[in-house]
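# Fold and contact review
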Amino acid sequence: AILRTVRITRSGQSVLGLSQVADAEALEDDLRQAMQEAGQLYVHYQPIYSAETRSVVGFEALLRWNHPVRGLVAPMQFIPLAEQTELIVPLGAWVLETACAEAATWPEPWYLSVNLSPVQLEKIHLVREVRGALDRTGLAAERLELEITEGVLVAAEGGEISRLAELRRAGVRIAIDDFGTGYSSLGYLRQLPFDTIKIDRSFVRNLESDSSAQAIVGTIVELSRRLNREIVAEGVETEGQFSILNALQCHRVQGWLLGKPMPPEEIASTYFPAPLQEGLADRTLSWAE
Ligand code: C2E
Ligand code: MG
Ligand code: MG
Ligand code: MG
């Protein structure tokens, strides 16, 4: 538990001063309030592309909080708070269900990726919760990927590993998020139940300028191919990074170059293939008759 607190704190504010503690308490009250009313909390979706075909293959759900006074609060600020207070348990369940319902309206092959907090993974009811969200929304388990940061997996205990394995048996894919930042040993990686590795943005950022970053990413891609796992590169911002990743045979790419997180309405207008949009239009016409 102590390890987790350090990890969580590291991703947010590192050391809290007194005024920051008071601020965190105020923010906690506000977050509880936001969870009671509609509109402040919502989900955006960032496209994930196939590197080979440069077409969309899925979307990652990212939680947003538009605070009535502070405006947009970054997830890096409020997610750690939600984790410390365990508000992330109902909040994460809400994100999962909302995103699954949204993804059920997308064209068949696209998948949905949802971030899972270590606090959610600790709970024994997680598997039931995920199954329930899939059942209620009608999204096929094969279209859902759950992301867990590498640092969490390194510290995962038996119960947590077995929950991930159970989710995989149900057809859900597991991705290791922010890979390369969590010190997992290669031997340990072999035992973990996962399907996908998401290479952390910090490695992608230096791809063009730093040949050792290229060597590291190339090695991770090679390793994952040998293990029969897929690779997603996060934070792709330039054409140069994209073409290096493509040359290294990275499977999927995600980043501002390809698309920023967007509200669900924008997905249909930007990405739904033309035949589907025509199909929708046809249906509206025949309804009018
Ligand atoms: P993450 O899961 O690693 O998500 C990727 C983050 O990188 C997102 O930040 C995304 O907006 C950002 N990003 C994507 N492409 C680029 C790029 O090309 N350049 C740069 N500079 N950034 C890019 P965001 O939305 O602020 O989320 C931050 C973190 O908060 C996420 O990191 C994830 O760990 C956490 N998070 C967000 N939504 C949820 C959620 O629903 N549940 C949980 N447990 N955590 C969440
Ligand atoms: Mg993620
Ligand atoms: Mg990530
Ligand atoms: Mg991250």
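A few points on the structure. (Residues numbered from 1 in each chain as written. Chains lettered and ligands numbered in written order. Predicted model: local features only at pLDDT ≥ 70, side-chain atom pairs only at ≥ 80, totals over all residues. Heavy atoms only, no water.)

It is worth spelling out the nonpolar core at this point. Side chains of a nonpolar character, in soluble globular proteins, are inclined to be buried together. Judged by nonpolar contacts, the single largest core of 77 residues is most densely connected at Leu112, Leu144 and Leu146. For this core, the element with the highest residue contribution is helix α4 (residues 88-103), accounting for eight residues. Those residues in contact with Leu146, other than ones at most four positions away along the chain, are Leu96, Val114, Leu116, Val130, Leu167, Val172, Arg173, Ile174 and Ala175. (Core = buried A, V, L, I, M, F, W, Y, C linked by side-chain atoms within 4.5 Å. Buried < 20%, exposed > 50% of the residue type's maximum accessible area, 1.4 Å probe, protein only. Helix = DSSP H or I, 4+ residues; strand = E, 2+ residues; numbered from the N terminus. Contact = heavy atoms within 4.5 Å.)

Glancing now at the packing of aromatic side chains. In total, this model carries eight aromatic pairs according to the counting rule given. For the pair Tyr49 and Tyr271, a centre-to-centre distance of 6.4 Å together with 75 degrees between the ring planes defines the contact as edge-to-face. Residue Tyr49 is located in strand β1 (residues 41-50), and its partner Tyr271 is located in helix α13 (residues 264-271); the two are separated by 222 residues in the primary sequence. Given the relative accessible area of 15%, Tyr271 is considered buried. Look at Trp106 and Trp110: their rings are 6.5 Å apart centre to centre, the planes differ by 65 degrees, and that puts the pair in the edge-to-face class. One exposure class covers both Trp106 and Trp110, and it is buried. Grouped by ring-pair contacts, the aromatic residues Tyr45, Tyr49, Phe59, Trp106, Trp110, Tyr271 and Phe272 constitute a single cluster. The lysine or arginine in question, Arg173, covers the ring of Tyr111, its NZ or CZ lying 4.7 Å from the ring centre. In this structure, Lys260 is placed above the aromatic ring of Trp256, and the distance from its NZ or CZ to the ring centre is 4.5 Å. (Phe/Tyr/Trp six-rings, centres within 6.5 Å; stacked < 30°, edge-to-face > 60°. Lys NZ or Arg CZ within 6 Å of the ring centre and 35° of its normal.)

So, about the site of ligand 1. Around ligand 1, the surrounding shell holds 21 residues, and the nearest of these are Arg64, Asn115, Asp177, Glu237 and Trp256. At 2.8 Å from an oxygen atom of ligand 1 is found a side-chain nitrogen or oxygen belonging to Asn115. Side-chain polar atom of Arg201 to an oxygen atom of ligand 1: 3.0 Å apart, as the coordinates give it. For ligand 1, whose free accessible area comes to 800 Å², the fraction covered by protein is 86%. For the shell around ligand 1, the secondary-structure elements that each account for two or more residues are β2 (56-67), α3 (75-84) and β6 (173-179). With four residues, β2 is the single largest residue contributor to the shell around ligand 1. When the residues that make up the shell around ligand 1 are grouped by side-chain class, the tally is eight nonpolar, five polar and eight charged. (Near = heavy atom within 4 Å. Polar contact = N/O pair within 3.5 Å; in protein donor to acceptor, adjacent residues only side chain to side chain. Areas by Shrake-Rupley, 256 points an atom, 1.4 Å probe, with all protein chains shown as cover. Nonpolar A, V, L, I, M, F, W, Y, C, P; charged D, E, K, R; others polar.)

Let's shift gears to the coordination of the magnesium ion (ligand 3). The protein atoms that coordinate the magnesium ion (ligand 3) are Asp177 (OD), Asp178 (OD), Glu234 (OE) and Glu234 (OE), at distances of 2.0 to 2.6 Å. On the primary sequence, the residues serving as donors to the magnesium ion (ligand 3) are separated as D-D-x55-E. In this model, the magnesium ion (ligand 3) sits 3.9 Å from the magnesium ion (ligand 2), the two metals being bridged by Asp177. Of this pair, Asp178 sits in strand β6 while Glu234 sits in the loop between β8 (230-233) and α12 (239-247), and the two are 56 residues apart along the sequence. Overall, the relative accessible area of 12% leaves Glu234 in the buried class. (Donors = N, O, S within 2.8 Å, 3.2 Å for Na, K, Ca; no water.)

The next point concerns the coordination of the magnesium ion (ligand 2). The protein atoms that coordinate the magnesium ion (ligand 2) are Glu60 (OE), Asn115 (OD1), Glu147 (OE) and Asp177 (OD), at distances spanning 1.9 to 2.3 Å. One chain supplies every donor for the magnesium ion (ligand 2), spaced along it as E-x54-N-x31-E-x29-D. On the basis of relative accessible area, Glu60 is assigned to the buried category, the value being 4%.

To continue, consider helix α11 (residues 211-226). With 16 residues, α11 ought to run about 22 Å at 1.5 Å a step, and its terminal C-alpha atoms sit 22 Å apart, in line with that. Looking one or two residues past α11, Asn228 carries a phi angle of roughly 65 degrees, positive in sign. (Expected span 1.5 Å × (residues − 1).)

In terms of burial, strand β4 (residues 111-115) is largely enclosed, as four of its five residues are buried. Alignment of β2 against β4, held across four bridges, turns out to be parallel. From the neighbouring strand, Glu60 faces β4, where its bridge partner is Ser113. One ladder, built from four bridges, connects β4 with strand β5 (residues 144-149); its direction is parallel. Among the inter-strand pairings, Leu112 is bridged to a residue of β5, identified as Leu144. (Pairing = 2+ DSSP bridges.)

Turning next to the pattern of salt bridges. Scanning the model with the defined rule gives 13 salt bridges in all. Note that Glu145 and Arg173 form a salt bridge whose closest N and O atoms lie 3.3 Å from each other. Taken together, the residues span a long stretch of sequence, with Glu145 in strand β5 and Arg173 in strand β6 at a distance of 28 residues. A relative accessible area of 1% places Glu145 in the buried class. Linking Asp195 and Arg168 is a salt bridge whose minimum nitrogen-to-oxygen distance equals 2.9 Å. Pair noted here: Asp195 is in the loop between α9 (186-191) and β7 (196-199) and Arg168 is in helix α8 (residues 158-169), with a separation of 27 residues, a long-range link. For Asp195, a relative accessible area of 18% gives the class buried. Here Arg168 falls in the partly exposed class, since its relative accessible area comes to 31%. When salt bridges with common partners are traced through the structure, they connect Glu145, Arg173, Glu230 and Arg252 into a single cluster. (Salt bridge = Lys/Arg side-chain N within 4 Å of Asp/Glu carboxyl O.)

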